[in-house]
Amino acid sequence: MVVWTDFERSTIQDIFSKMDYEVVGPAALTRCLIVYPWTQRYFGNFGNLYNAAAIMGNPMVAKHGTTILHGLDRGVKNMDDLKTTYAELSVLHSEKLHVDPDNFKLLSDCLTIVVAARFGEAFTAEVQAAFQKFLAVVVSSLGRQYH
Amino acid sequence: MLSKKQKDLIAEIWEGLISVADDIGADALLSVSCVPRSVRRMFASYPGTKTYFSHLDISHRSAHLLSHGKKIVLAIAEGAKDISQLTVTLAPLQTLHAYQLRIDPTNFKLFSHCMLVSLACHMGEDFTPEAHAAMDKYLSAFAAVLAEKYR
């Protein structure tokens, strides 16, 4: 069972409450596809991902980025049982989407960077640690049903 | 490995960081430079990294932390001036890390990530995906060269 300190809980709630999902989601996913181009392998049917400009202007990428962030929102609302919250999505990513779980970490690193850029100096070392702890548990839950 | 465009981007970013510090003075290098903060971020998110500093005082803004952060930023900035010569530039540091410090190379990745976070906090929107990709590539190359003499 993951133990959350009061600081961690409030920090995570705070970050997500201030987040514009329709901006941050697409920004994180596009960044992941640009910085780690091999992740594009999972988006063969998304159309033009030929260069950074194409990726940033791609509406399917934007839509999916928003979907992902809403998925994270579920975790924010269920911080004390992330394992159960993401069990179904874990099975989906394993059995149907066949996504290498290492990719979850790449996306979560990109999300951290996008949030850092938006929060600036307010994204202190302690805030970063709390945010990354949350993402790490989500990532772990998403990888749990793989076999 | 790195395209010309990426090398230019990296050189530009580091020049921008170092020159701001020069204007404001030595003290500011330590407060404006994102590297001491990166080291702090790394200690906060990855507590295992603190084990390499048991012989130093690494509390917030300690002299050791600041001077160590400064050493790292200067080395990374030096390397950025001519990325094709990284192996030559880093030769002494390669020896130091291989035979004396013997830091597990996975930690280089953790530190690089924290450097990127610090850059994002500092540069905001200017830390574009292209800049991020170029910097990540550079820091990976830097870490790989640093670990070259390990075995």
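Residues numbered from 1 in each chain as written. Chains lettered and ligands numbered in written order. Predicted model: local features only at pLDDT ≥ 70, side-chain atom pairs only at ≥ 80, totals over all residues. Heavy atoms only, no water.

Engineer: Give a detailed account of the packing of helix H4 (residues 63–81) of chain B against helix H8 (residues 129–146) of chain B, specifying residues and quantitative values.
Structural biologist: Residue and element names in this part refer to chain B. Remark: H4 packs on H8, axes separated minimally by 11 Å, with the N-to-C direction vectors making an angle of 105°. One finds that H4 runs roughly perpendicular with respect to H8. Contact with H4, carried on its side by Ala75, Ile76, Gly79 and Ala80, involves Tyr138, Leu139 and Phe142 of H8 and no other residues of that element. Grouping the amino acids of the contact of H4 with H8 by side-chain chemistry returns six nonpolar, one polar and no charged. (Axes fitted to C-alpha atoms, helices over the stretch in contact; angles between N-to-C directions. Helix = DSSP H or I, 4+ residues; strand = E, 2+ residues; numbered from the N terminus. Parallel < 35°, antiparallel > 145°, perpendicular 65-115°, else oblique. Contact = heavy atoms within 4.5 Å. Nonpolar A, V, L, I, M, F, W, Y, C, P; charged D, E, K, R; others polar.)

Engineer: If you had to explain the nonpolar core to someone new, which residues and values would you point to?
Structural biologist: Phe134 of chain A together with Trp14, Met135 and Tyr138 of chain B are the most contacted members of the largest nonpolar core, which has 72 residues in total. It is H8 of chain B that contributes the most residues to this core, 10 residues altogether. Those residues in contact with Phe134 of chain A that sit more than four places away from it in its chain are Trp4, Ile12, Phe16, Leu72, Gly75, Val76, Met79 and Leu82 of chain A. In this structure, Leu33, Ile34, Phe46 and Ala52 of chain A belong to the second largest nonpolar core, which totals nine residues. (Core = buried A, V, L, I, M, F, W, Y, C linked by side-chain atoms within 4.5 Å. Buried < 20%, exposed > 50% of the residue type's maximum accessible area, 1.4 Å probe, protein only.)

Engineer: Give a description of the pattern of salt bridges that names residues and reports values.
Structural biologist: Under the definition given, this model contains nine salt bridges over all chains. Ionic pairing is found between Arg37 of chain B and Glu121 of chain A, a salt bridge with its closest N-O pair at 2.8 Å. With one member in each of two chains, Arg37 of chain B in helix H3 (residues 34–45) and Glu121 of chain A in the loop between helix H7 (102–119) and helix H8 (125–143) form a pair that bridges those chains. On the basis of relative accessible area, Arg37 of chain B is assigned to the partly exposed category, the value being 34%. Judged by relative accessible area, Glu121 of chain A falls into the partly exposed class, the value being 42%. Residue Lys4 of chain B is joined to Asp8 of chain B by a salt bridge in which the shortest nitrogen-to-oxygen separation is 2.8 Å. With a gap of four residues between them, Lys4 of chain B and Asp8 of chain B both fall in helix H1 (residues 4–24), about one helical turn apart. (Salt bridge = Lys/Arg side-chain N within 4 Å of Asp/Glu carboxyl O.)

Engineer: Tell me about the environment of Ala28 of chain A, and name the residues and values.
Structural biologist: Residue and element names in this part refer to chain A. Within the fold, Ala28 resides in helix H2 (residues 21–35). Taking the relative accessible area as the measure of exposure, Ala28 reaches 4% and is therefore buried. Once the C-alpha coordinates of Ala28 and Leu111 are considered, the two residues, 83 residues apart in sequence, prove to be 4.8 Å apart. Beyond its immediate chain neighbours, meaning those up to four positions away, Ala28 contacts Leu107, Cys110, Leu111 and Val114.

Engineer: Just give me the short version of the interface of chain B and chain A, but keep the residues and values in it.
Structural biologist: Counting from both sides, the interface comprises 21 residues of chain B and, opposite them, 21 residues of chain A. Counting the surface chain B buries against chain A, the share from its top three residues, Cys121, Pro129 and His132 of chain B, is 28%. Where Arg40 of chain B meets Glu126 of chain A, a salt bridge forms, and the shortest distance between an N and an O atom there is 2.4 Å. If you look at where chain B meets chain A, you find 11 residue pairs in polar contact (both at pLDDT 80 or more). Put simply, the parts of the chain that give the side of chain B that touches chain A at least two residues each are H3, helix H7 (106–123) and H8 of chain B. The leading source of residues in the side of chain B that touches chain A is H7 of chain B, at seven residues. Taken together, the residues that form the side of chain B that touches chain A break down as 10 nonpolar, six polar and five charged. (Buried area = accessible area lost by both parts, 1.4 Å probe. Polar contact = N/O pair within 3.5 Å; in protein donor to acceptor, adjacent residues only side chain to side chain.)

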